[in-house]
Amino acid sequence: MSTVRYRIFALMLLVALVNYIDRGALSFAATAIGEHYHFNRMQLGTLLGYFGIGYLLGSLCGGFLADRYGTRKVWLIAGVAWSCLEAMTAWAGDLGMSLFGGSALLGFAVLRILFGFTEGPAYALMNKTIAYWAPDHERGTALSVGLLSTQIGAMFTAPIAVGLLLLTGHWQTMFIVLGGGSLLVMVIFARYFHNTPAVHPQVNQQERRYIADNQHNIDEDEQPLPWWTFFTSRTLVCNAIGYFSFLYITFTLVTWMPKYLQDTFHYDLHALWYVAMIPWSGAAITVLCGGRITDFLLKRFQRLRVARNAFAAVSLAGAAACFIAIPFAGSAAAVIALMTLGNACNALINNIYWSVVIDVTPKSSVGAFSGMTLAIANSSAIISPILCGWLAQYYGYNAMFLITGSFALVSMGAMTLLQPEKRLQRQSKDNASSLISTL
């Protein structure tokens, strides 16, 4: 039997990894950009938050486009576009000063919103890919491999971004090099990626049959559910709220951790490249363990609520406790240890949010509903950088971590309300018409 699906998962990880490194690089150049254009913390927070506006819209549109045109086409167009926009970030401030009334910040706003829009579809596309390529008993592990890009990407961003800053001496050059590297990855992607096992020339009949026979969700020809069906599902709505916490914590660390360490503990770039990697080290391990744990819990107890609800609630409680404790830590080592443990707890259940969408959604709507989940949760990509910047400016960094922990507690409650065993079904026309009239 061929094993092409594992190559697809690896390729998916590579593209998502590049996606994450590209988005996180700006945080390491924030101090240099702030000095160059005289931005304060509030302005830097706003600059970092612009990405989230585009990311939210892109994640929503990307899922619907994938259901209509296929993951390969959407991913290729988005990948080439974000690579070019990453390189153009080198001139964002100058473009703003030339074209937008002398406002460097507005120049960054336009490019970062467009950049976020092109990066937005990536994780919805990844979930749709797994829905077609992974047998049910491999789904949690496959999701963990793909979602490993979040932690590995964030961890590698530090040495790559700082290395480029130190080697070239210019933050502009860093963006140009990263954009060029992303284009090369998309060439590899175009050569080897196909939407489904049925159309991949290297997949033999035995592997196609193995995947199909081990998937309970085999509604290939079913029409997609109406978009509003998403909001009739308590599970999908609560799952999106739960995912908000994961992304809020992630974006807090990605956007503000480098500057927090510089401002609070006076790390320079020569130390920051490895210190900023540490909080992601535990998460890189737990995101893989999480997939195996959920698969084990489901096999052992045969209950989705144990593998989804209970596991998520315990992990989020641990994450909340760690971030709430940071303001009371007495040293840099203690703060970094709490960040590392809290982020590890947060990453442990990353696969659950995506598994739940596949649990309750027909394949024909997985892309759209994954995109809607991501769009709702990605409001954190806007809220986190801006709120953290405001809190840091007026109340200090401690308030930033207390709020982060509080969000984790809210999401913990939401995840206890999931009903992952209740699959969505297409309603009759009479029922659908009745539901529309009540909306």
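Treat the numbers as computed from the prediction; the structure is a model and nothing was measured.

## Brief notes about the environment of S233
Logical step 1: Residue placement: S233 occurs in the loop between helix 9 (205-213) and helix 10 (234-265).
Logical step 2: Put simply, S233 and A92 are 141 residues apart on the chain and 41 Å apart in space, counted from C-alpha to C-alpha.

## Brief notes about the pattern of salt bridges
Logical step 1: Inspection of every chain in the model, using the stated rule, returns eight salt bridges.
Logical step 2: For R41, the salt bridge is made with D263, and the minimal N-O distance between the two is 3.4 Å. On the criterion of sequence distance, the pair formed by R41 in helix 2 (residues 41-69) and D263 in helix 10 is long-range, its members being 222 residues apart.
Logical step 3: Owing to a relative accessible area of 27%, D263 belongs among the partly exposed residues under this scheme.
Logical step 4: For K128, the salt bridge goes to D67, with nearest N and O atoms at 2.7 Å. Within this pair, whereas K128 is found in helix 6 (residues 122-133), its partner D67 is found in helix 2, the two being separated by 61 residues in sequence.
Logical step 5: The class of K128 is buried, set by a relative accessible area of 6%.

## Description of empty space enclosed by the protein
Logical step 1: The full count for this structure, using the stated rule, is four cavities of 30 Å³ or more.
Logical step 2: Roughly 70 Å³ of internal volume is contained in the largest cavity.
Logical step 3: R23, G24, L26, S27, L48, F51, R112, F251, V254 and T255 together form the lining of the largest cavity.
Logical step 4: If you list the elements that add at least two residues to the lining of the largest cavity, you get helix 1 (4-37), helix 2 and helix 10.
Logical step 5: The element contributing the most residues to the lining of the largest cavity is helix 1, with four residues.
Logical step 6: Tallied by class, the residues present in the lining of the largest cavity amount to five nonpolar, three polar and two charged.

## Structural notes on the environment of Y274
Logical step 1: Topologically, Y274 is positioned in helix 11 (residues 269-275).
Logical step 2: Once the C-alpha coordinates of Y274 and L147 are considered, the two residues, 127 residues apart in sequence, prove to be 22 Å apart.

## A closer look at a nonpolar patch on the surface
Logical step 1: Where nonpolar side chains cluster on the molecular surface, the patch consists of M88, W91, L95, L99, F100, L106, V110, L114 and I176 and spans about 760 Å² of accessible area.
Logical step 2: Breaking the nonpolar patch down by element, the ones donating at least two residues are helix 4 (92-99) and helix 5 (104-119).
Logical step 3: Examining the composition of the nonpolar patch, we find that three residues originate from one element, helix 5, more than from any other.

## Some points on the packing of aromatic side chains
Logical step 1: If you walk through the whole model with that rule in mind, you get 33 aromatic pairs.
Logical step 2: Residues W75 and F189 carry aromatic rings whose centres are separated by 5.4 Å and whose planes lie at 65° to one another, so their mutual orientation is edge-to-face. Residue W75 is found in helix 3 (residues 71-88), and its partner F189 is found in helix 8 (residues 171-192); the two are separated by 114 residues along the sequence. The same class applies to W75 as to F189, namely buried.
Logical step 3: A centroid spacing of 6.4 Å and a plane angle of 55° characterise the contact between F265 and Y267, whose relative ring orientation is tilted.
Logical step 4: Take Y267: its relative accessible area is 22%, and that puts it in the partly exposed class.
Logical step 5: When the ring centre of Y192 is taken as origin, the NZ or CZ atom of R191, which lies over that ring, is 4.9 Å away.

## Some remarks on the side chain of N350
Logical step 1: Looking at the element boundaries, N350 is found in helix 15 (residues 350-360).
Logical step 2: The buried category is assigned to N350, whose relative accessible area is 0%.
Logical step 3: Residues in contact with N350, not counting those within four places in the same chain, are L147, T150, Q151, Y243, F246 and V287.

## Overview of the confidence of the model for the chain
Logical step 1: For the chain, per-residue confidence averages 88 on the pLDDT scale, and 95% of positions sit at 70 or higher.
Logical step 2: Between residues 428-439, whose pLDDT stays under 50, and residues either more than four places distant or in other chains, the model counts seven contacts.

## Re the packing of helix 10 against helix 18 (residues 397-415)
Logical step 1: Interaxial distance between helix 10 and helix 18 falls to 9 Å at its minimum, and their mutual angle equals 165°. Classified by the interaxial angle, the pair formed by helix 10 and helix 18 is roughly antiparallel. Between helix 10 and helix 18 lies a crossing whose hand is left-handed.
Logical step 2: Counted by class, the contact of helix 10 with helix 18 contains 15 nonpolar, seven polar and two charged residues.

Cut-offs and rules
- Residues numbered from 1 in each chain as written.
- Predicted model: local features only at pLDDT ≥ 70, side-chain atom pairs only at ≥ 80, totals over all residues.
- Heavy atoms only, no water.
- Helix = DSSP H or I, 4+ residues; strand = E, 2+ residues; numbered from the N terminus.
- Salt bridge = Lys/Arg side-chain N within 4 Å of Asp/Glu carboxyl O.
- Buried < 20%, exposed > 50% of the residue type's maximum accessible area, 1.4 Å probe, protein only.
- 1 Å grid on protein atoms, 1.4 Å probe; cavity = no way out; pocket = protein on both sides within 12 Å on 5 of 7 lines; lining within 4 Å.
- Points joined across faces, edges and corners; volume = space filled by probe spheres on them.
- Nonpolar A, V, L, I, M, F, W, Y, C, P; charged D, E, K, R; others polar.
- Patch = residues over 30% accessible without salt bridge, like charges linked within 9 Å, V, L, I, M, F, W, Y side chains within 5 Å.
- Areas by Shrake-Rupley, 256 points an atom, 1.4 Å probe, with all protein chains shown as cover.
- Phe/Tyr/Trp six-rings, centres within 6.5 Å; stacked < 30°, edge-to-face > 60°.
- Lys NZ or Arg CZ within 6 Å of the ring centre and 35° of its normal.
- Contact = heavy atoms within 4.5 Å.
- pLDDT = per-residue confidence, 0-100.
- Axes fitted to C-alpha atoms, helices over the stretch in contact; angles between N-to-C directions.
- Parallel < 35°, antiparallel > 145°, perpendicular 65-115°, else oblique.
- Left-handed = near helix turned anticlockwise from the far one by under 90°.

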